[in-house]
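# Analysis of the macromolecular model
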Amino acid sequence: MKEGLQQWKCSTGSASGGLSIALAASGHTYLQQAISLGIDPQVLHRVAAMAGAGLDTLPHNGAILTILAITGVTHRQAYREIFGLTVIKVAAPFFVILVYTWFGIV
């Protein structure tokens, strides 16, 4: 599912746009798979939302460009912080899934 969301996100330029298109196109399939595997639809939604936002901190993203322009910081100066945020945003869904699995929530 994450790969599909990322492809749509790249096409639309935003996580919410990509998530809206991907879930409108194939959300019913994802929901049926989640239900058949015993996954709560709310958990599916949270993980999809976090996973869909994974590329929002890449240097070509409009929000990053706007923040850098407003603050007067260059990509070079902000690279470490942007990289750290990207790693945290991408790793968070996997930790959520792991914790849910460990505690039997899913």
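Residues numbered from 1 in each chain as written. Predicted model: local features only at pLDDT ≥ 70, side-chain atom pairs only at ≥ 80, totals over all residues. Heavy atoms only, no water.

### Topic: the overall build of the chain
- A tally of regular secondary structure across the chain gives five helices and zero strands.
- Along the chain, helices and strands appear, N-terminal first, in the series α-α-α-α-α.
- Scored against the burial criterion, the 106 residues of the chain give a buried share of 27%.
- The contacts of the chain with a sequence gap of at least 6 include a subset with a gap of at least 24, amounting to 62%.
- Taken as a whole, the chain presents about 6,900 Å² of accessible surface, with 68% of it coming from carbon and sulfur. (Helix = DSSP H or I, 4+ residues; strand = E, 2+ residues; numbered from the N terminus. Buried < 20%, exposed > 50% of the residue type's maximum accessible area, 1.4 Å probe, protein only. Contact = heavy atoms within 4.5 Å. Areas by Shrake-Rupley, 256 points an atom, 1.4 Å probe, with all protein chains shown as cover.)

### Observations regarding the environment of Val96
- Topologically, Val96 is positioned in helix α5 (residues 75-102).
- When residues no more than four places from it in sequence are discounted, the contact partners of Val96 are Val47 and Met50.

### Concerning the packing of helix α3 (residues 41-52) against α5
- At a minimum axis separation of 8 Å, α3 and α5 run at an interaxial angle of 160°. The orientation of α3 relative to α5 falls into the category roughly antiparallel. The element α3 and its partner α5 pack so that their crossing is left-handed. Facing α3, whose interface residues are Val43, Arg46, Val47, Met50 and Ala51, α5 presents Lys89, Ala92, Pro93, Val96, Ile97 and Tyr100.
- Its residues assigned to classes, the contact of α3 with α5 comprises nine nonpolar, no polar and two charged. (Axes fitted to C-alpha atoms, helices over the stretch in contact; angles between N-to-C directions. Parallel < 35°, antiparallel > 145°, perpendicular 65-115°, else oblique. Left-handed = near helix turned anticlockwise from the far one by under 90°. Nonpolar A, V, L, I, M, F, W, Y, C, P; charged D, E, K, R; others polar.)

### Observations concerning the packing of aromatic side chains
- One pass over the structure, following the stated rule, counts one aromatic pair.
- When the ring of Tyr79 is compared with that of Phe83, the centres are 6.2 Å apart and the planes differ by 20°; the resulting orientation is stacked. Taken as a pair, Tyr79 and Phe83 lie in helix α5 at a separation of four residues, close to a single helical turn.
- A relative accessible area of 49% places Phe83 in the partly exposed class. (Phe/Tyr/Trp six-rings, centres within 6.5 Å; stacked < 30°, edge-to-face > 60°.)

### Notes on α3
- Under the 1.5 Å per step criterion, the end-to-end length of α3 is 16 Å for 12 residues, consistent within 8% with the ideal 16 Å.
- The N-cap residue of α3 is Asp40: its side-chain oxygen and the backbone nitrogen of Gln42 are 3.1 Å apart. (Expected span 1.5 Å × (residues − 1). Polar contact = N/O pair within 3.5 Å; in protein donor to acceptor, adjacent residues only side chain to side chain.)

### What to know about a nonpolar patch on the surface
- A cluster of nonpolar side chains, Phe95, Leu98, Val99, Trp102, Phe103 and Ile105, forms an exposed patch at the surface whose accessible area comes to about 680 Å².
- The topology assignment puts Trp102 in helix α5.
- Since its relative accessible area comes to 62%, Trp102 is described here as exposed. (Patch = residues over 30% accessible without salt bridge, like charges linked within 9 Å, V, L, I, M, F, W, Y side chains within 5 Å. Salt bridge = Lys/Arg side-chain N within 4 Å of Asp/Glu carboxyl O.)

### A few points about the packing of helix α4 (residues 62-71) against α5
- The contact between α4 and α5 brings their axes to 11 Å, and the two run at 125°. Taken together, the axes of α4 and α5 are oblique relative to one another. With respect to the hand of their crossing, α4 and α5 are arranged in right-handed fashion. Of the residues in α5, those touching α4 at Ile64, Leu65 and Leu68 are His75, Ala78 and Ile82.
- Taken together, the residues of the contact of α4 with α5 sort by class into five nonpolar, one polar and no charged.

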